[in-house]
Amino acid sequence: MGDEIKKDKKDIAAKDLTTCEATAQMLDKSRKDGIEIAPYRAASMKPCPIGADSACCKHCFMGPCRLNSKDPYGKVGVCGATIDTIMARNFGRMVAAGTAAHTDHGMGMLDLFREVVKGNISDYRIKDTEKLQSVAKSIGIEVEGRSIEDIAMDLYDELERTYTQVDGEIPFAKRVPEKTLETWRKLGIVPRGAMREIMEMMHRTAMGVDQHYENITKQASRTALSDGWGGSMVSTEISDILFGTPSPVAVEVNMGVLKENQVNIIIHGHEPNLFESMISSVNEPTFVQAAKDAGAEGINLVGMCCSGLEMMSRHGIPHAGNFSSTEAILVTGAVDAMAVDIQCIQQGLSKVAECYDTPFITTNPRCKIEGALHIEFNEHDPKDCTDEIVIKAISRFKNRSTPVEIPKIVNTGVHGFSHEYINYMLGGSFRASYTPLNDNIINGRIRGVAGVVGCTNPRVKQDYVHVELVKELIRNDVLVLQTGCSQIALAKAGLTTPEAAVLAGPGLREVCETVGMPPVLGLGACIDNSRILIAASAMVKEGGLGESIADLPVAGAAPEFMSEKAIAIGQYFVASGVFTVFGVTFPIVEDTKFHKLLFEGLEQQGLGKWGFTPDPLEMARMMIAHIDKKRAALGIDKARDRSLVDMAARRELDAA
Ligand code: NFS
Ligand code: SF4
């Protein structure tokens, strides 16, 4: 355990709350300024122990019912619901909520795409026609000799089914490795449309419906898969088509990307369209001039959280920090406007912004916050909103009344490794393929691949678990793929540079140095976890590493998760065949049937399984043990022993 934050809030030093120095500096300042932000609120809010174990139910008003997690089978709810039913229902609803978030976001991107294709929106256009064609082809749409518009309209019609289809399989089921799909079909968990799955999940978890934890878990898998291979994947693919597929770019990360003498605007949220229009607004010559007239050297646009990750990957826009730094950054006094759209926007931001006189602007009809200024973003006229944000920011700069203190820390790293680029990077433009990756796994230079993703959570020391876990993984020759707030944690720790290869084990280091890549590859926002699924499918299709995703020497982790979205992602990785370990806490009572199902039973059904530990080194050990187990099953464990001996022998030779 060790790093769980339990002390009384008065004794807590900022460096015990975060390993991010810039955030620590702002935590200290916030106390001097008398402002309370999330890590301190966390210290004074003891989590409810029954809720933390998911041992309570409020699905009807014969309750709410609380069971005893120390004696889970000692009691049932008023309706007779057992601990397993209650936990499985709660879990299913978390999956439904997370899936709803990703799929609503994805459907928004698809709405935008349709309007662009129909010519009803002119501020955006199809930027990546190559990607449009390859996505269309991947689901069986004819592309030869057809116009971009025709292909795009067919693609829209097809992908709409991801959300609305009442029966049949979602379009991207076609991308799932055959053996994995076969397992899903056998279990009856191939998703229809996300709306249907979410609806059924909510229905089945209502009072008096599905009261068998195994059956509830099946629907949880089906719902989660409608996110990973559905809503999220559509969102990534459509965003790439509209705004460009990322390729590696050097980007600055950390609070030092704020500029004292510039108008600083932060966009924090999840949908790329608001941010894309912001880029165009801040570059308007009239605004640049207005900023200069106000005494600024220019306008500085930076991102936070997930849309920030998309923008850094696609355009090299600087990124100011992850989830646990969003309130802290306002304490700099240097933020002239913070505009948000949806998801992971803490309500506390509104009050902190008010204290520092920063305009805090909501833009999406789905997300209004008391005390925030709402300027609605409309895709048909996007610049109405984004221009207004710039005007507000310039005016705040001109009248800056609070002293400015910006932590002088900037970390430069390389980000933007899409599946397409990994393919190209490894194989070259003429023979783009995953062959070199698979070969290096088979010959043992790379032991396996880990996806390390997800949030930061003020219940644990910010970034600490992410960074220690990833260091341990790469030291053991595990190549790490990253998304979300985790990617920013590692960027701040300097691990997203090719030079970080020196921290890797000899095999991984050799591969990284040959290709010139970092040992930690940033793939983008949480929605882009779909890129990891596509990479995993490509590894299976390439051959030599088994027939299903469950055969691959891979593992996943969300070491500091906090969001229901993370639970949905965890469940779609598990259902896709991946061993997935969560940190912080796990909302379930141990030694129960439902626990056994998630942590063992699903693997026996041919899927992946869950794991849990708050300790980063133990987490690494669990993931590596799983990777080694898969290597042994594939019969490639011997190769690795040889290759490591080779490396050691070679070093001795070099030294001699
Ligand atoms: Ni992901 Fe993005 Fe961060 Fe967690 Fe929130 S920003 S979608 S949920 S906190 S990684
Ligand atoms: Fe209690 Fe059952 Fe109602 Fe849940 S559904 S609150 S367990 S009576």
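Before going into details, it helps to say that this report is about the structure given with it. (Residues numbered from 1 in each chain as written. Chains lettered and ligands numbered in written order. Predicted model: local features only at pLDDT ≥ 70, side-chain atom pairs only at ≥ 80, totals over all residues. Heavy atoms only, no water.)

**Regarding the packing of helix H10 (residues 213–243) against helix H13 (residues 305–315)**
Two packed helices can be described by the angle between their axes and the distance between those axes.
Here comes step 1: The N-to-C vectors of H10 and H13 enclose an angle of 45°; their axes lie 12 Å apart at closest approach. By the angle class used here, H10 and H13 are oblique. Handedness of the crossing formed by H10 with H13: right-handed. Residues Thr236, Ser239, Asp240 and Phe243 of H10 touch H13, and the partners they reach there are Glu310, Arg314 and His315.
Here comes step 2: For the contact of H10 with H13, the per-class residue count stands at 1 nonpolar, 3 polar and 3 charged. (Axes fitted to C-alpha atoms, helices over the stretch in contact; angles between N-to-C directions. Helix = DSSP H or I, 4+ residues; strand = E, 2+ residues; numbered from the N terminus. Parallel < 35°, antiparallel > 145°, perpendicular 65-115°, else oblique. Left-handed = near helix turned anticlockwise from the far one by under 90°. Contact = heavy atoms within 4.5 Å. Nonpolar A, V, L, I, M, F, W, Y, C, P; charged D, E, K, R; others polar.)

**Notes on the pattern of salt bridges**
Here comes step 1: Inspection of the entire model under this criterion finds 36 salt bridges.
Here comes step 2: Here Arg531 makes a salt bridge to Asp240, at a shortest N to O gap of 2.8 Å. Here the residue Arg531 occupies a position in helix H21 (residues 529–542), and Asp240 occupies one in helix H10, the gap between them amounting to 291 residues. The burial state of Arg531 is the same as that of Asp240; both residues are buried.
Here comes step 3: Salt-bridge contacts for Arg621 lead to Glu618; the nearest nitrogen and oxygen are separated by 2.9 Å. On the criterion of helical spacing, the pair formed by Arg621 and Glu618 is a turn pair, its members being 3 residues apart in helix H24 (residues 616–634). (Salt bridge = Lys/Arg side-chain N within 4 Å of Asp/Glu carboxyl O. Buried < 20%, exposed > 50% of the residue type's maximum accessible area, 1.4 Å probe, protein only.)

**Some points on the packing of aromatic side chains**
Here comes step 1: Tallied over the full model, the rule gives 13 aromatic pairs.
Here comes step 2: Between Phe417 and Tyr421 the ring centres are 6.3 Å apart and the planes differ by 70°, which places this aromatic pair in the edge-to-face class.
Here comes step 3: Exposure remark for Phe417: the relative accessible area of 2% places this residue in the buried category.
Here comes step 4: Considering the side-chain rings of Phe586 and Phe612, the 6.4 Å spacing of their centres and the 55° angle between planes classify their relative orientation as tilted. Here Phe586 is found in the loop between strand S14 (579–582) and helix H23 (593–604), whereas its partner Phe612 is found in strand S15 (residues 610–612), with 26 residues between them in sequence.
Here comes step 5: Owing to a relative accessible area of 5%, Phe586 belongs among the buried residues under this scheme.
Here comes step 6: By relative accessible area, which is 26% here, Phe612 ends up partly exposed.
Here comes step 7: An aromatic cluster is defined as three or more aromatic residues linked by ring pairs; in this entry it consists of Phe91, Phe561, Phe582, Phe586, Phe594, Phe599, Trp610 and Phe612.
Here comes step 8: Here the basic side chain of Arg175 rests over the ring of Phe172, its NZ or CZ set 4.1 Å away from the ring centre.
Here comes step 9: Here the guanidinium or amino end of Lys461 rests over the ring plane of Tyr464, the centre of that ring lying 5.1 Å away. (Phe/Tyr/Trp six-rings, centres within 6.5 Å; stacked < 30°, edge-to-face > 60°. Lys NZ or Arg CZ within 6 Å of the ring centre and 35° of its normal.)

**Topic: the coordination of the nickel atom of ligand 1**
Here comes step 1: For the nickel atom of ligand 1, the protein contributes exactly one donor atom, Cys526 (SG), at 2.2 Å.
Here comes step 2: Along the chain, Cys526 turns up in the loop between strand S12 (520–522) and H21. (Donors = N, O, S within 2.8 Å, 3.2 Å for Na, K, Ca; no water.)

**Re the sheet that holds strand S6 (residues 337–340)**
Here comes step 1: The 5 strands are arranged S5-S4-S6-S7-S8 in an open sheet whose pairing can be described as parallel. Since the sheet does not close on itself, it has two edges, and those belong to strand S5 (299–304) and strand S8 (373–374), each with one partner.
Here comes step 2: Its contacts with the sheet place helix H11 (residues 272–282) against strand S4 (263–268), S5 and S6, and it is angled at close to 170° to S5. (Pairing = 2+ DSSP bridges.)

**Quick notes on empty space enclosed by the protein**
Here comes step 1: According to the stated counting rule, one finds 7 cavities of 30 Å³ or more in the structure shown.
Here comes step 2: Lining of the largest cavity is provided by 37 residues; of these, Val453, Asn529, Ile532, Ile569 and Phe573 occupy positions nearest its centre.
Here comes step 3: Mapped onto the lining of the largest cavity, the elements with two or more residues apiece are H13, strand S10 (448–452), H21, strand S13 (554–558), helix H22 (564–576) and S14.
Here comes step 4: Of the residues belonging to the lining of the largest cavity, the class tally is 27 nonpolar, 9 polar and 1 charged.
Here comes step 5: When residues of the lining of the largest cavity are sorted by domain, at least three fall in each of domain 3 (255–398) and domain 4 (412–634).
Here comes step 6: For the second largest cavity, the calculated volume is near 90 Å³. (1 Å grid on protein atoms, 1.4 Å probe; cavity = no way out; pocket = protein on both sides within 12 Å on 5 of 7 lines; lining within 4 Å. Points joined across faces, edges and corners; volume = space filled by probe spheres on them. Domains from an automatic or database assignment.)

**Here we look at the nonpolar core**
Grouped burial of nonpolar side chains is what soluble globular proteins tend to show.
Here comes step 1: Ranked by size, the top nonpolar core spans 173 residues in total, and within it Phe113, Leu155, Ile265 and Leu473 carry the most contacts.
Here comes step 2: The dominant element in this core, judged by the number of residues it contributes, is helix H5 (residues 83–117), at 14 residues.
Here comes step 3: With 37 residues, the next largest nonpolar core counts Ala334, Ile345, Val352 and Ala353 among its residues. (Core = buried A, V, L, I, M, F, W, Y, C linked by side-chain atoms within 4.5 Å.)

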